[in-house]
Amino acid sequence: MVPMRWDNLRLDVNPADDRLTLPLLEQGAVVRTFDTPEFRGITFYEVRAKSIINRVPEASRMPFRFTINPYRGCTHQCVYCFSRKSHTYLDLDYGRDFDSKIVVKVNAAELLRKELAEPKWEGEHIAMGTNVDTYQRAEGRYRLMRGILEALRDFANPFSILTKGTLILRDLDLLVQCAAVADVATNFSVGSVDRELWRVLEPGTPSPVSRLEAVRTLNEAGVRCGVLMAPIVPFLSDTDEAIRETVEAIGRAGAIHVMPIVLHLRKGGSREWFMAWLRERHPELIPRYEELYGDRAYAPKPYQEDVAARVRRLARRFGVGRATPREVRGVSSPSPPTQPEQLTLA
């Protein structure tokens, strides 16, 4: 049999018990399903990771060097997600598998304590939520983030979290404690406040209104929180009216900053899945997308600059500040590294 990329992450499982394993995984993970409404149709693969603090390749465009990703795959089901390609490196597909087959690193918290205690670790900033959301629905059952935050607090290690998950408020007590001993930044992703667009683009996420309420709650508790206005979707959420409504809502929520990012379409997963969705929902836009993007992953620079300028003007009007380098250090422009960090279970 061909060894899987995660074969060395196996739990102590009886190989003869095929109720707990699938041939796909070469018995490298415990497979679980839960017959509850929020997890129906979702399969969890529990693995034991060999490491949890990941070094980002030097060649990447990320503004940070280290990350923690306790999950792979994401139940948010965002049709544009830039991380979809990473699932193919686990011998899973970038479409339905990414949305419904979730890898869970069950030993994340204990590994983190071990790695933070190593003499070679120098207390570098750690970014979370840069590959898939740490506060997706799976976190409600596995509760990995509480152990992770407790470890970061105890070692006074700086970190940042980018999320769409209002479940982060469950850990508000720990975030406050962490912010008292280290540099902590949080950001919510809210690309649009259009409810109909939200329902079809991000069907597994909390509503944009709920996310902005969480932004307010975090800031009022002393945990600084801004908004990554992403993605701004060409010809759907980039009109003057749509941008004004979103920036105004961000301002009312008391976000400390807003940073706009236009949809990017990386080949190998994101582009294919989004364009299939667009073909079904808005076939009339296909020619416009082909003209705007061509073979590129990013919209042309003039288009991006125009969107950024409009957001900037409205942010001043509605009293939203601009992000500082410290606050955006853990916020990634959606351009994932080409190799190890986001493409392995390490």
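For the structure itself, consult the block above.
A brief structural summary. Remember, it's a predicted structure, so these values are computed and weren't measured experimentally.

Reading the values: rules and limits
Within each chain, residues carry numbers counting from 1 in the order of the written sequence. Reporting in this predicted model follows two pLDDT cut-offs: at least 70 for local features of residues, and 80 or more for side-chain atom pairs to be given and counted; totals over whole chains, interfaces and linings ignore these cut-offs and use all residues. To get the side-chain values, take all heavy atoms of the structure and skip hydrogens and water. Helical segments are the DSSP runs of H or I of at least four residues, strand segments are the runs of E of at least two, and each set is numbered from the N terminus. For every residue, the accessible area obtained with a 1.4 Å probe (protein chains only) is divided by the maximum for its type, and the residue is called buried under 20%, exposed over 50%, and partly exposed between those limits. Whether two residues are in contact is decided by their heavy atoms: any pair within 4.5 Å suffices. Areas reported as accessible are Shrake-Rupley estimates using a 1.4 Å probe. Residue values count occlusion only from the protein chains shown. As a rule, the C-alpha atoms of each element are fitted with a line to give its axis, helices using only the stretch in contact, and angles between N-to-C directions run from 0 to 180 degrees. The labels follow the angle: roughly parallel below 35 degrees, roughly antiparallel above 145, roughly perpendicular from 65 to 115, and oblique for the rest. For a crossing to be left-handed, the near helix must be turned anticlockwise from the far one by less than a right angle; the clockwise case is right-handed. Three classes are used, and their members are as follows: Ala, Val, Leu, Ile, Met, Phe, Trp, Tyr, Cys and Pro are nonpolar, Asp, Glu, Lys and Arg are charged, and the others, Gly among them, are polar. Only rings of Phe, Tyr and Trp enter the pairing, Trp through its six-membered ring, and a pair is recorded when the two centres are within 6.5 Å. The plane angle decides the type: under 30 degrees is stacked, over 60 is edge-to-face, the rest tilted. Put simply, a charge is over a ring when the Lys NZ or the Arg CZ is close to the ring centre, within 6 Å, and near the line of the ring normal, within 35 degrees.

1. Examining the overall build of the protein chain
In terms of regular secondary structure, the protein chain is built from 13 helices and 11 strands. Within the protein chain, buried positions represent 56% of all 346 residues. Nonlocal contacts in the protein chain, meaning residues at least 24 apart in sequence, comprise 77% of its contacts between residues at least 6 apart. Carbon together with sulfur atoms contributes 50% to the accessible area of the protein chain, which is approximately 15,000 Å² in total.

2. Some words on the packing of helix α2 (residues 108-116) against helix α4 (residues 144-154)
Where α2 meets α4, the closest approach of the two axes is 8 Å, and the angle between their N-to-C directions is 15 degrees. The angle between the axes of α2 and α4 places the two elements in the roughly parallel class. With respect to the hand of their crossing, α2 and α4 are arranged in right-handed fashion. Together, A108, A109, L112, R113 and L116 of α2 and G147, I148, E150, A151, L152 and D154 of α4 make up the contact between the two elements. Classifying every residue of the contact of α2 with α4 by side-chain character gives 7 nonpolar, 1 polar and 3 charged.

3. Thoughts on the packing of aromatic side chains
Considering all chains together, one arrives at 10 aromatic pairs under this definition. With a centroid separation of 5.5 Å and 50 degrees between ring planes, the pair formed by F34 and F44 is classed as tilted. Here F34 is found in the loop between β1 (30-33) and β2 (43-47), whereas its partner F44 is found in strand β2, with 10 residues between them in sequence. For the pair F34 and F44, a shared accessibility class is recorded, and that class is buried. Their ring planes at 5 degrees and their centres at 5.7 Å tell us that Y289 and Y293 sit as a pair that is stacked. Of this pair, Y289 and Y293 both sit in helix α10 (residues 286-293), separated by 4 residues, roughly a single helical turn. Grouping residues by exposure puts Y289 and Y293 together as buried. Through a chain of ring-to-ring contacts, the aromatic side chains of F235, F274, W277, Y289 and Y293 assemble into a single cluster. Just above the ring of F34 sits the side chain of R141; from NZ or CZ to the centre is 3.8 Å. In this arrangement the basic side chain of R288 is found over the ring face of F235, its NZ or CZ atom lying 4.0 Å from the centre.

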